[in-house]
Amino acid sequence: MSHSPSDITPPAASHWVACQDCDQLLQTAVLSEHQRARCPRCGARLEGVAVKSLHRYPGLAAAIAGLILFFPAISLPIMEFELIGQHGTNTLWEGVWTLWQVGFPLLAMLVLLCSLLAPLCHLLLSIRTSWQLGSEKTLPPSFPQQLKALHFFQHWSMVEVYAISILVAYIKLLSDGEVMLLSGSYCIAALLICLIVTSQQSHAETAWQAWEAQQKRRPI
Amino acid sequence: MTISTAQQHQLARCEQCHKLSLLAEHNCPRCGSPLSFRRPHSLQRCWALCLAATFLLFPANLLPIMTVVNLGSGDPDTIMSGIVKLWINDLQGIAIIVFVASILVPIIKLLALLLLMLVVQLHLPLHKGQCTLLYRFIHFVGRWSMLDLFIISILVTVVQMGNIARVDAGPAATAFAAVVILTMLAASYFDPRLIWDLEQDEDVQAVPEQPEQTL
């Protein structure tokens, strides 16, 4: 990586990136998988730097595993609370539905988005993107929208916060009665690992460059 | 080090796909999103969202957020009284987690955004690297305020045993959710590049006027 000389004429933009936090113009090389590019001016981890990915499949495998885990994670009971012979359990989906029923529709929709919809869409779109990039077929015209949606859902997926919430609720209930963590909580933990691997293995810039290369070959 | 920003070369960074293109192109040639040097109306939007979030902090903290009924008795709890009860019940660790996620984080986020906006608007001479660090911190920490809302969603569902034990959500929950969303949006509208633009203003006395973007 080098700084741009100040006397330069406007550079060919494709080999340059601007830091997202301070707008410093920087020339970048293609990174290998474990390299990180940092802005020398403000220290930001640069977005939009191409990464030479050797393995396409770990990300795809993690996303498919996550999708398989997703349905047990939302439908199996997360914890059981027992007090004087009475039982209560919850699932991720019931958490949304109960909030809706007791008169908190906005809250229900927010929890629905962050704990259910966003992770599901993130996984589905990741699988679709990896699949399309791996196959020889041309990318569909909706590919840019798909990448933007992928980024949006990745941002609003908050399974990691939900996992910590389960722990806090569990410890809170310990003082009030018998409480057990059930299979749903293990599925959520496994789903969380799959989501983290999926995010780490996905390189948006690589996907964008594939789209750009196709556009250049066949102008629409 | 030579400071040369993309804007000085008339290059705009696409917010969506991060590609650099000449601003004259108006739309990103790669993904079609509208181009601009800085996030449009960054400060106005950030101010509006921060003000709205500040107003909503009052109902969020003063109204009851949860009622825990145990063996027929139970009072509505605000966020703070719930934390005090946790502390009294020897759950100090949890009390600290909930206090940080539900009280400290929203207030720190609002104060930090306020400080950053004042730095940009009043040209306050603060260290730019540290301001950027602060920005990255509030951007990162925002989602963790959802913790309390998820806990409510879990408890309301698990503890549903009529008069023996029951957890009900309170009106503060919706207000708190709004604070979380508004502060997250405010953080994403604020453009940290505005902080660094001050450096050029200080270096180069005469600032070239940037034409207003019309799209």
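Residues numbered from 1 in each chain as written. Chains lettered and ligands numbered in written order. Predicted model: local features only at pLDDT ≥ 70, side-chain atom pairs only at ≥ 80, totals over all residues.

As annotated in an unreviewed UniProt entry, chain B carries the name Paraquat-inducible protein A and comes from Spongiibacter pelagi. The annotation that UniProt attaches to chain B under Subcellular location (unreviewed entry) is "Cell inner membrane". (UniProt positions renumbered as here; feature names shortened; annotations may be inferred.)

Per an unreviewed UniProt entry, chain A carries the name Paraquat-inducible protein A and comes from Spongiibacter pelagi.

**Student:** How should I be thinking about the pairing of strand 6 (residues 79-83) of chain A in this particular structure?
**Tutor:** Residues and elements named next belong to chain A. Relative to strand 7 (residues 86-90), strand 6 is paired through five bridges, and the arrangement is antiparallel. By the bridge assignment for strand 7, Phe81 is matched with Gly88. The antiparallel pairing of strand 6 with strand 7 creates a hairpin that spans two residues between the two strands, and Ile84 there sits at a positive phi of about 40°. Relative to strand 8 (residues 178-181), strand 6 runs antiparallel, the two sharing four bridges. Each bridged residue has a counterpart across the sheet, and for Glu80 the counterpart in strand 8 is Met180. (Pairing = 2+ DSSP bridges. Helix = DSSP H or I, 4+ residues; strand = E, 2+ residues; numbered from the N terminus.)

**Student:** Where do I start with the domain arrangement of chain A in this structure?
**Tutor:** Interfaces are often sized by the accessible area lost when the parts come together. Under the domain assignment, chain A is made up of domain 1 (1-52) and domain 2 (55-217). Using C-alpha coordinates to define each centre, domain 1 of chain A is positioned 32 Å away from domain 2 of chain A. (Domains from an automatic or database assignment.)

**Student:** When you look at the interface of chain B and chain A in this model, what are you seeing that I'm missing?
**Tutor:** If you look at the interface, chain B gives 53 residues, while chain A gives 60 residues. Classifying every residue of the side of chain B that touches chain A gives 30 nonpolar, 18 polar and five charged. (Contact = placed C-beta atoms within 7 Å. Nonpolar A, V, L, I, M, F, W, Y, C, P; charged D, E, K, R; others polar.)

**Student:** Looking at this structure, how should I read the UniProt feature "transmembrane region" (unreviewed entry) in chain A?
**Tutor:** Residues and elements named next belong to chain A. Sites flagged by UniProt as "transmembrane region" (unreviewed entry) map to residues 60-79, 99-125, 152-173 and 179-198. A helix fraction of 91% and a strand fraction of 0% characterise residues 152-173, whose end C-alpha atoms lie 34 Å from each other. Secondary structure across residues 179-198 comprises 80% helix and 15% strand; the distance between its end C-alpha atoms is 32 Å.

**Student:** Is there a simple way to think about the confidence of the model for chain B in this case?
**Tutor:** Any segment with low pLDDT has predicted coordinates that should not be analysed in fine detail. Residue and element names in this part refer to chain B. Across chain B, the average pLDDT comes to 85, with 93% of residues at 70 or higher. Highest mean pLDDT in chain B belongs to helix 1 (residues 42-62) (93); lowest belongs to helix 7 (residues 193-203) (79). Listed scores for the predicted complex are pTM 0.86 and ipTM 0.86. (pLDDT = per-residue confidence, 0-100.)

**Student:** Please explain the UniProt feature "transmembrane region" (unreviewed entry) in chain B as it appears in this structure.
**Tutor:** Under the present numbering, the feature "transmembrane region" (unreviewed entry) in UniProt falls on residues 46-71, 91-120, 141-160 and 172-190 of chain B. Across residues 172-190 of chain B one finds 95% helix and 0% strand; the C-alpha atoms that close the span lie 27 Å apart.

**Student:** Teacher, can you tell me more about the sheet that holds strand 5 (residues 160-161) of chain B here?
**Tutor:** Residue and element names in this part refer to chain B. Pairing within the open sheet is antiparallel, and its four strands lie in the order 4-3-6-5. Each having just a single partner strand, strand 4 (76-77) and strand 5 make up the two edges of the open sheet. Where strand 3 (residues 66-70) meets strand 4, two bridges bridge the pair, whose relative direction is antiparallel. Paired with Thr67 across the bridge in strand 4 is Pro76.

**Student:** Got a minute to help me understand helix 6 (residues 172-189) of chain B in this structure?
**Tutor:** Every α-helix carries 3.6 residues per turn, so stepping three or four residues along brings you back to the same face. Here helix 6 of chain B spans 26 Å end to end across 18 residues, near enough to the 26 Å set by a 1.5 Å rise per residue. Of all 18 residues in helix 6 of chain B, 14 are buried; the element is thus mostly enclosed. (Expected span 1.5 Å × (residues − 1). Buried ≥ 20, exposed ≤ 12 C-beta atoms within 10 Å, placed from the backbone.)

**Student:** Is there a simple way to explain helix 1 (residues 57-75) of chain A in this structure?
**Tutor:** Residue and element names in this part refer to chain A. Here helix 1 is 19 residues long and its end C-alpha atoms lie 28 Å apart, about the 27 Å a rise of 1.5 Å per residue gives. Of all the bends found along helix 1, the most pronounced is centred on Leu69 and spans about 35°, while Pro72, a proline, follows it within four residues. Residues of helix 1 that are buried in the fold lie against helix 2 (92-101), helix 3 (105-134) and helix 6 (183-201). (Bend = angle between axes of the 7 residues up to and from the residue.)

**Student:** Can you walk me through the nonpolar core in this structure?
**Tutor:** Note that soluble globular proteins tend to have their nonpolar side chains buried in a common cluster. By size, the foremost hydrophobic cluster in this structure holds 120 residues, and its most contacted members are Leu191(A), Leu113(B), Leu149(B), Leu155(B), Ala173(B), Phe176(B) and Ala186(B). Ranked by residues supplied to this core, first place goes to helix 6 of chain B with 12 residues. Apart from the residues within four sequence positions on either side, Leu149(B) is in contact with Leu107(A), Leu110(A), Val111(A), Ala173(B), Phe176(B) and Ala177(B). (Core = buried A, V, L, I, M, F, W, Y, C linked by C-beta atoms within 7 Å.)

**Student:** What's the story with unusual backbone geometry in this structure? I'm lost.
**Tutor:** Excluding glycine, a negative phi dihedral is what most residues carry, and trans is how most peptide bonds are arranged. Residue and element names in this part refer to chain B. A positive phi angle, near 65°, is found at Gln10, a position not held by glycine. Along the chain, the position of Gln10 falls in the segment before strand 1 (11-13). Positioned with a positive phi, His41 is a non-glycine residue whose angle comes to about 50°. Inspection of the secondary structure assignment puts His41 in the loop between strand 2 (20-22) and helix 1. Judged by local crowding, His41 falls into the partly exposed class, with 13 C-beta atoms found within 10 Å.

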